[in-house]
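Structural features, examined
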Amino acid sequence: MEYISTRNNNKKFSFSEVFLKGLADDGGLFIPLSIKKFDESKMNSLKKLSYIDLATEIIYLYTGDFLSKKELNEIVKKSYSNFREKDVVKIVELNQFKILELFHGPTLAFKDIAMQLIGNMYEHFLKSNYRTINIVVATSGDTGAAAIDAIKGKSNLNIFVLHPNNRISSVQRKIMTTVEEKNVFNIAIDGNFDDCQNIVKQMFSDLEFSKSINMSGVNSINWARIVAQAVYYFYAQFKLDKDNISFSVPTGNFGDVFAGYLAKKMGLPIDKLIVATNENDILYRAITKGEYISKEVRETLSPSMDIQLASNFERLIYYVNNSSSEKTAEIMKKVKQNSYQIEKKDLDIIKKDFLSESCNEKETLEIIKKNYKENDMVLDPHTAIGVGAAQKLSLNDCVVLSTAHPCKFPDATNNAINKHEKLPEELQHVLNKNENFQILENNTDEVKKFIKSKIL
Ligand SMILES: *Cc1c(COP(=O)(O)O)cnc(C)c1O
């Protein structure tokens, strides 16, 4: 499988380049040269597979000669061996909806599903490449935890995670900062998530710096993450054995919901993908009114969705514009100037696949309260927004992606129902362990200096 950048589709890349670089040098996102659609008989054979084997079949389409199918199968098996659910994910009922629980991995958020796999892919890559890779990633809470768990203790890999100081839940922070392995470095930036992400972007674009430390990224634009997430759309639809269901997806960076779009492009008969947002509603305004204009980031009860510009949206822009990289590059210039209004004809194309709704803070708390009272189910604030969006759209055949375990967000559940969920046994220890993190100014040079001091 060959890849191109959304901003230049003349130059080809291999999976290993795409995997290690994350972002193309021209600032674009990697996408496969073509997306193969499964035919009916292949679909029927996929239906019979376990989650592990299904994941192997789907991911293998995109990894090329990076590894053999057998090696990939081993990696997938190993990646999900520490999940609390044998089938990795679990489907439960909530009134007229199905809830697809994706949080049974080691750090209690859906990000484990892709990240565990990526960690083991790095390990595979380093078996034949003698060097040390430094992973640097910004997090609004869950990415960092999942990445740390996936990378900790692996040889020839270090991981540096930047989180916004005091702006993530204490459980989220403790899962990251109580890890003892020597290759894990937590940095709390005096700023918000966008500041953290900007610092990482600036370090990547400083080629002298990024090459000197073999810098690599695992944020949600990494194509391997998208592919790993496409698997559970297939799995859910096969389990429910029904065509044309919709998926409601709590959305921040548009990675998870784009994985659903990929699954649809691969032939999975999905009806609509619902982009559920919190008060940071740029995607809601974009999809309903064509207004892709960012505002100040607001802190909400669902911090993992407190994002304005959604990086992965560029991939959709590319497809909506008939795979024209010139057009995409032009549009991304407008996005940079914060003046992109989606044309009517493009919006009509988007609306064939996507719907969107947004829930404010009050609504989020109400949804948590109502579902606890009526169904005895505690929803985390992100999942609550997925449920709220599906309700507002009056959808019946709808699967809501449940992206985090409610115990990760005790403030939200305390506020809504005066109760917080207990951490699973194997994570209880993080509550009382010593934390280890460095607070740094919102300044790229400071962060560079810190990283250099740790690895040289
Ligand atoms: C990351 C995250 C999201 C948003 O996912 P995107 O791929 O960025 O859209 C939603 N919920 C939770 C709990 C998350 O950690």
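Scroll up to find the structure.
So, a few notes on the structure that sits alongside this text. (Residues numbered from 1 in each chain as written. Predicted model: local features only at pLDDT ≥ 70, side-chain atom pairs only at ≥ 80, totals over all residues. Heavy atoms only, no water.)

**Observations concerning the packing of aromatic side chains**
Cut-off, in case you're wondering: Any two rings among Phe, Tyr and Trp, with Trp reduced to its six-membered ring, count as a pair given centres within 6.5 Å; such a pair is stacked if its planes are under 30 degrees apart, edge-to-face if over 60, and tilted if neither. Secondary structure is summarised from DSSP: a helix means a run of H or I of at least four residues, a strand means a run of E of at least two, and numbering begins at the N terminus for each. Only protein chains enter the accessibility calculation, which uses a 1.4 Å probe; a residue is then buried when its area is under 20% of its type maximum, exposed when over 50%, and partly exposed in between. Two limits define a charge over a ring: the Lys NZ or Arg CZ must be within 6 Å of the ring centre, and within 35 degrees of the ring normal.
In total, this model carries 27 aromatic pairs according to the counting rule given. Arranged with centres 5.2 Å apart and planes meeting at 65 degrees, the rings of Phe15 and Phe66 form a pair that is edge-to-face. With Phe15 in helix α1 (residues 15-21) and Phe66 in the loop between α3 (51-63) and α4 (69-79), this residue pair connects regions lying 51 residues apart in the sequence. Assigned by exposure class, Phe15 and Phe66 land together as buried. Their ring planes at 75 degrees and their centres at 6.2 Å tell us that Tyr292 and Tyr340 sit as a pair that is edge-to-face. One end of the pair, Tyr292, is in strand β12 (residues 291-292); the other, Tyr340, is in strand β13 (residues 340-341), with 48 residues separating them in the sequence. Over the ring of Phe209 we find Lys448; its NZ or CZ atom is 5.5 Å from the centre of that ring.

**Focus: the packing of helix α5 (residues 111-127) against helix α6 (residues 142-151)**
The relative placement of two packed helices is expressed as an angle between their axes plus a distance between the axes. As a reminder of what qualifies: Interaxial angles span 0 to 180 degrees and are taken between N-to-C directions of axes, which are lines fitted to C-alpha atoms, for helices over the stretch in contact. Helix crossings fall into two classes, left-handed where the near helix is turned counterclockwise from the far one by less than a right angle and right-handed where it is turned clockwise. For this analysis, residues touch if any pair of their heavy atoms sits within 4.5 Å. Polarity classes work like this: nonpolar for Ala, Val, Leu, Ile, Met, Phe, Trp, Tyr, Cys and Pro, charged for Asp, Glu, Lys and Arg, and polar for all others, with Gly in that last group.
Closest axis-to-axis distance for the α5/α6 pair is 8 Å, and the angle between their directions is 35 degrees. For the element pair α5 and α6, the recorded crossing hand is right-handed. Contact residues: Lys111, Asp112, Met115, Gln116, Gly119 and Tyr122 in α5; Asp142, Thr143, Ala146, Ala147, Asp149, Ala150 and Ile151 in α6. Per-class residue counts for the contact of α5 with α6 are six nonpolar, three polar and four charged.

**Things to note about the sheet that holds strand β15 (residues 398-402)**
Put simply, the rule is: Here a strand pair is declared whenever DSSP counts at least two bridges between the two strands.
Read across the open sheet, the six strands follow the order β4-β5-β15-β10-β11-β14; overall the sheet is mixed. In this open sheet, the two edge strands, each paired with only one partner strand, are β4 (90-94) and β14 (354-358). Between one strand axis and the next, the sheet turns through 25 degrees on average, direction left out of account. Packing against the sheet, helix α11 (residues 255-265) makes contact with β10 (245-250), β11 (270-277), β14 and β15, and its axis sits at approximately 170 degrees to β11.

**As for the site of the ligand**
Let me state the cut-off plainly: Proximity is defined per residue: if any heavy atom of the residue lies within 4 Å of a molecule or strand, that residue is considered near it. Pairing of N or O atoms within 3.5 Å defines a polar contact, subject to two protein rules: one partner must be a possible hydrogen donor and the other a possible acceptor, and residues neighboring in sequence count only if both atoms are side-chain atoms. Accessible surface is estimated by sampling points in the Shrake-Rupley manner with a 1.4 Å probe; for residues, cover comes only from the protein chains shown.
Lys111, Asp142, Gly252, Asn253 and Asp256 are the nearest of the 15 residues found near the ligand. Take Asp256: an N or O atom from its main chain is 2.9 Å from an oxygen atom of the ligand. Here the ligand, which alone exposes 380 Å², has 97% of that area covered by the protein. Of the residues assigned to the shell around the ligand, the class counts are five nonpolar, seven polar and three charged.

**A word on the pattern of salt bridges**
Note the threshold: Salt bridges are defined by distance alone: a side-chain nitrogen of Lys or Arg within 4 Å of a carboxyl oxygen of Asp or Glu.
A complete count under the given rule lists 29 salt bridges for this structure. Note that Asp397 and Lys242 form a salt bridge whose closest N and O atoms lie 3.0 Å from each other. Here Asp397, found in the loop between α17 (381-392) and β15, pairs with Lys242, found in the loop between α10 (223-240) and β10; they are 155 residues apart in sequence, far enough to count as distant. Given the relative accessible area of 36%, Asp397 is considered partly exposed. Its relative accessible area of 40% is what places Lys242 among the partly exposed residues. With a shortest N-O distance of 3.8 Å, Lys369 and Glu366 are connected by a salt bridge. Taken together, the residues Lys369 and Glu366, both in helix α16 (residues 361-375) and three residues apart, mark about one turn of the helix. For Lys369, a relative accessible area of 35% translates into the label partly exposed. The network of salt bridges with common partners includes Lys327, Glu343, Lys345 and Asp346.

**So, the sheet that holds strand β9 (residues 215-216)**
Spatially, β9-β6-β7-β8-β16 is the arrangement adopted by the five strands of the open sheet, whose pairing is parallel. What marks the edges here is a single partner per strand, and that holds for β9 and β16 (438-440). Looking at chain direction, strand β7 (residues 157-164) and strand β8 (residues 184-189) are connected through six bridges and run parallel. What sits directly across from Val161, in β8, is Asn186. Here helix α8 (residues 193-205) sits on the sheet in contact with β6 (133-138), β7, β8 and β9, set at roughly 150 degrees to β6.

**Observations concerning unusual backbone geometry**
Phi at Asn166 is positive, roughly 65 degrees, even though this residue is not glycine. With respect to the helices, strands and loops of the structure, Asn166 is situated in the loop between β7 and α7 (170-177). Even without glycine at this site, Ser394 takes up a positive phi of about 50 degrees. What makes Ser394 exposed here is its relative accessible area of 60%.

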